[in-house]
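# Analysis of the macromolecular model
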Amino acid sequence: MLLMFLLLLITVCSVVGFRMTLRKEGVGKDHSKKAVNPEPVKVEQLKEEIKEKEPVKPVNVAVFGVDNDGFRTDVNFIVSFNEETKDIHFVSVPRDTRVVMTEDMLASLEERNKFIPYRNGVKGQCKLTEVHAYAGEDYRDKFSVEMLEDLLGIKVDYFVKVDLDAFREIVDAVDGVDMEVEERLYYNDPFQDLYIDLQPGYQHLDGKKAEQLVRFREGYAQKDLKRIQVQQDFMKALLEKVSSTSTILENLPDIAKVLWDSIETDATLKDVLKYAKYLKDIDVNKMTMETIPGTGGAYFDHDEEGTKELVDRVFYGIEKEESEELEELEQPEELEKTEKSV
């Protein structure tokens, strides 16, 4: 998943080149346009611009894992990479998170005569996983990205989408992963063609067994929240394996083929190569993995205040105390505007 974008993807691209699948709708960016500088820039002007330059904003990648039918996003998370600090943060959003589609999304569905969900009397309310399905062909990635942007209050730069077949192939391409399975996992669902049967203990997981591990949730007391934790543990183990130089060199042909055939993204080769220089600076042990806070049930209702604190800290580098101070500074300005309008 993200590992493809931040580790395997940039490594393979820099060595053998890589073809990306470009979506017509994507995230709404045009990668083909080049910046034009109509006038020569004076040295003095350049110095002033450097002085006033804002801190480098992190690169945010939305990662989606879809079932074989490709209709729903079973896995949704954001990976944030800071080019200055080299920090990488994962923020997972449960698939059953209650969301309400934006006005633009609803307008798009109405214009195309598509079904609009109504839940609890709220137009456009559904689960996050369902947004991808309701969006319709050619709009699925766009809607999923925009929903995460609206929910978290961030800007997504790129998306990466991986299906189950690609996931298994990716794991097999690096010769599997060794990790601890915490408990007995057993579940059969012929309708989904899902058969899970794993014994507890430290073991080697190939693609098929890894899929069983990351898809299991019915036997957990916390359902999807526990599954997300297991997925994050597996992701870290896989990233550690992938970041090994010997792994990349020994499995380069297989890795390249999987990437060539299986990953869908709106990033161009030029975008990917831009981050190749950071590969040597990535420390897997310094990565953080978190899930937005909230309470689960038929729906996962996220804690708005807790989510805002997480987003401020992870994506904007603002701690809770700083955020409260900023809000206090903004209040007099809002009060002054209100008094003037009255």
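First, a word on what this report is: a plain description of the structure on this page. Just so it is clear, the structure is predicted and the values come from calculations on it, not from any experiment.

The rules we used
Residues numbered from 1 in each chain as written. Predicted model: local features only at pLDDT ≥ 70, side-chain atom pairs only at ≥ 80, totals over all residues. Heavy atoms only, no water. 1 Å grid on protein atoms, 1.4 Å probe; cavity = no way out; pocket = protein on both sides within 12 Å on 5 of 7 lines; lining within 4 Å. Points joined across faces, edges and corners; volume = space filled by probe spheres on them. Nonpolar A, V, L, I, M, F, W, Y, C, P; charged D, E, K, R; others polar. Buried < 20%, exposed > 50% of the residue type's maximum accessible area, 1.4 Å probe, protein only. Helix = DSSP H or I, 4+ residues; strand = E, 2+ residues; numbered from the N terminus. Contact = heavy atoms within 4.5 Å.

### What about the layout of surface pockets?
- Approximately 460 Å³ is the volume found for the second largest pocket.
- Around the second largest pocket sit 18 residues that line it, and D67, D74, R95, Q192 and R215 are the ones nearest its centre.
- The class makeup of the residues in the lining of the second largest pocket is seven nonpolar, two polar and nine charged.

### What about unusual backbone geometry?
- With a phi angle near 55°, N113 is a residue other than glycine that sits in the positive phi range.
- Relative accessible area serves as the criterion here: at 72%, N113 is assigned to the exposed category.
- The residue K223 is not glycine, and still its phi comes out positive at about 50°.
- If you trace the backbone, K223 turns up in the loop between α7 (207-215) and α8 (224-242).
- K223 gets classed as partly exposed once you look at its relative accessible area, which sits at 34%.

### A short note on the environment of A210
- Within the element layout of this structure, A210 appears in helix α7.
- Owing to a relative accessible area of 0%, A210 belongs among the buried residues under this scheme.
- Once you skip the residues sitting within four places of it in the chain, A210 turns out to touch F167, V171, L205 and F234.

### A few points about helix α6 (residues 164-173)
- With respect to burial, α6 is a largely interior element, seven of its 10 residues being buried.
- Among the residues of α6, those classed as buried are L164, A166, F167, R168, I170, V171 and A173.

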